[in-house]
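# Structural overview for review
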Amino acid sequence: MPSASRAVSASGRPVPSRLWRDGDFRRLWVGQTASQLGEHTTLVVLPLFAVLTLDAGAGQLGVLRAVGQAPVLLLSLFVGAWVDRWRARTVMVLTDVGRALALGAAAVAGILGWLGLPALFVVAFTVGALSVFFDVAYQASLVRLVKRDQLVGGNSALEGSRSAAQIGGPALGGALVSLLSAPVAAASSALFFALSFLSIRRIRRSEALPKGRERPPRVWRRIHEGLRFVVGDASLRTVCLASAAFQFSLAAVMTVYLLFLPRELHLSGTAVGLALAATGPGALLGSVLAARLPRRFGHGAVLVSAAVLGDGVFLCVPALHGSSAVTLTVLLAVNFVFGTGSQLVNVTVMAVRQAVTPDGMQGRAAATITFVGMGLTPLGSLLGGLLAEEWGLRASLLVTAAGMLLSPLLMALSPLARLGRALPSPAGPASEPRTP
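In this report, the structure presented in the accompanying data block is examined. Because the structure is predicted, anything quoted here is derived from the model rather than measured.

### A look at the nonpolar core
Within the largest apolar cluster, 58 residues are counted, with the highest numbers of intra-cluster contacts made by Leu120, Tyr257, Leu261, Phe314, Val317 and Leu331. Broken down by element, this core gets its largest block of residues, ten residues, from helix α9 (residues 234–264). Filtering out sequence-adjacent residues up to four positions away, Leu261 remains in contact with His266, Leu267, Val272 and Leu331.

Next comes the structure, spelled out in structure tokens:
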């Protein structure tokens, strides 16, 4: 779930106070927050510009979203292999610069009247590709920056910042597109990436890169090592399958959802942004609960129940009619519950994945799970657009929302559901795996 953690250590004692005294961790947190805010603003700006300004149809919107998601399928495995050999700080800084330049160019093109669908496709692909690098790098960066018993607290803080981005990003993006213009909205996203660049480049601590062989293996062998490690671990294998089912269905849902709100319920761009932004407060609550519930009820029980609640709530949306205050209130509640459940799953899954993965495999494990989990999202977006054209928005939304429940079903039938209160131990040595 849209990423790859509780505010407690493996021993159950709070650790955020130790983390916040670490200046480099604070810089990573600020940079990641700004980057996520820019990313979530962009995810709303580009589709709303296409729908409200360019009058894009369901199929065109599906293609636009698929183009932005395609880099996950095309690049994730390679990025994981590369990041395990690079300094994560350098990767994050360069991707921030690239995304800022891409959106800045989009803003200029929009002001000059050149920002049509082809330009949006290029911008969406570029930002999506660079985001793959950033997302894998920041997950690897945390492992290299903090001690293992601080991973849960560190993830909780970083996931909390992502939640804050989910609050501000959609609302800001929807409001700017509706009240001002798409170029202004694109420019605002570029500024967030610039802020992320300025913060992360100030990280002073030298990264302790994993020690590997003097002659690193070819990239394909490193990719194979990552795939073999994830497939060989029952918990990580289930995470991949459940994530793939969820992300595929969610991509289809969101393609229909972004058409359903303005065209079926007649909501303005600002109202759409406000409804989507309700996911953020829910995610903040999910981060807080994730610091407590797994230690009390067990990681497996929390994963399954949170997924059922968060995914199932979308089944309420097709029953809504009109743009009344009641409709908007229900949408806010739906997105809030979805954000809470999704964040509980996100934080818990990330902590489990980092706990069972050796340090030298962190980048490849994250990238492999991202590749499998997110790789089908372009097809999901295309399917959502196709169903909306053939079946209508309401029926398509109901079917795609029901498909999201496959994810908790897979987890319930797997070893993940049996995880207890303590995080599992690493599944292998803390260095490069041996290759026959």
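### Side note on the pattern of salt bridges
Evaluated as defined, the whole model comprises three salt bridges. We note a salt bridge from Asp96 to Arg99, for which the minimum N-O separation is 3.0 Å. With Asp96 and Arg99 both in helix α4 (residues 88–111) and three residues apart, this pair spans about one turn of that helix. In this structure Arg99 comes out as buried when scored by relative accessible area, which is 0%. Two residues, Arg394 and Glu264, come together in a salt bridge whose shortest N-O distance is 3.2 Å. Taken as a pair, Arg394 in helix α17 (residues 393–403) and Glu264 in helix α9 lie far apart in primary sequence, 130 residues in all. Salt bridges sharing common partners tie together Glu39, Asp96 and Arg99.

### Considering the packing of aromatic side chains
The geometry of an aromatic ring pair is captured by two quantities: the separation of the ring centres and the angle between the planes. The full count for this structure, using the stated rule, is three aromatic pairs. Note on Phe246 and Phe338: the rings are 6.4 Å apart at their centroids and 20 degrees apart in plane angle, and the pair reads as stacked. A residue pair is termed long-range when its members are at least 10 positions apart, and Phe246 in helix α9 and Phe338 in helix α14 (residues 325–356) qualify at 92 residues. With respect to class, Phe246 is no different from Phe338; both count as buried. For the ring pair Tyr257 and Phe314, a centre distance of 5.4 Å and an interplane angle of 85 degrees mean the geometry is edge-to-face. On the criterion of sequence distance, the pair formed by Tyr257 in helix α9 and Phe314 in the loop between α13 (299–312) and α14 is long-range, its members being 57 residues apart. Grouping residues by exposure puts Tyr257 and Phe314 together as buried. Each residue in the set Phe246, Tyr257, Phe314 and Phe338 is aromatic and connected to the rest through ring pairs, giving one cluster.

What counts and what doesn't
Residues numbered from 1 in each chain as written. Predicted model: local features only at pLDDT ≥ 70, side-chain atom pairs only at ≥ 80, totals over all residues. Heavy atoms only, no water. Core = buried A, V, L, I, M, F, W, Y, C linked by side-chain atoms within 4.5 Å. Buried < 20%, exposed > 50% of the residue type's maximum accessible area, 1.4 Å probe, protein only. Helix = DSSP H or I, 4+ residues; strand = E, 2+ residues; numbered from the N terminus. Contact = heavy atoms within 4.5 Å. Salt bridge = Lys/Arg side-chain N within 4 Å of Asp/Glu carboxyl O. Phe/Tyr/Trp six-rings, centres within 6.5 Å; stacked < 30°, edge-to-face > 60°.

Interpretation in functional terms is not warranted from these geometric data alone.
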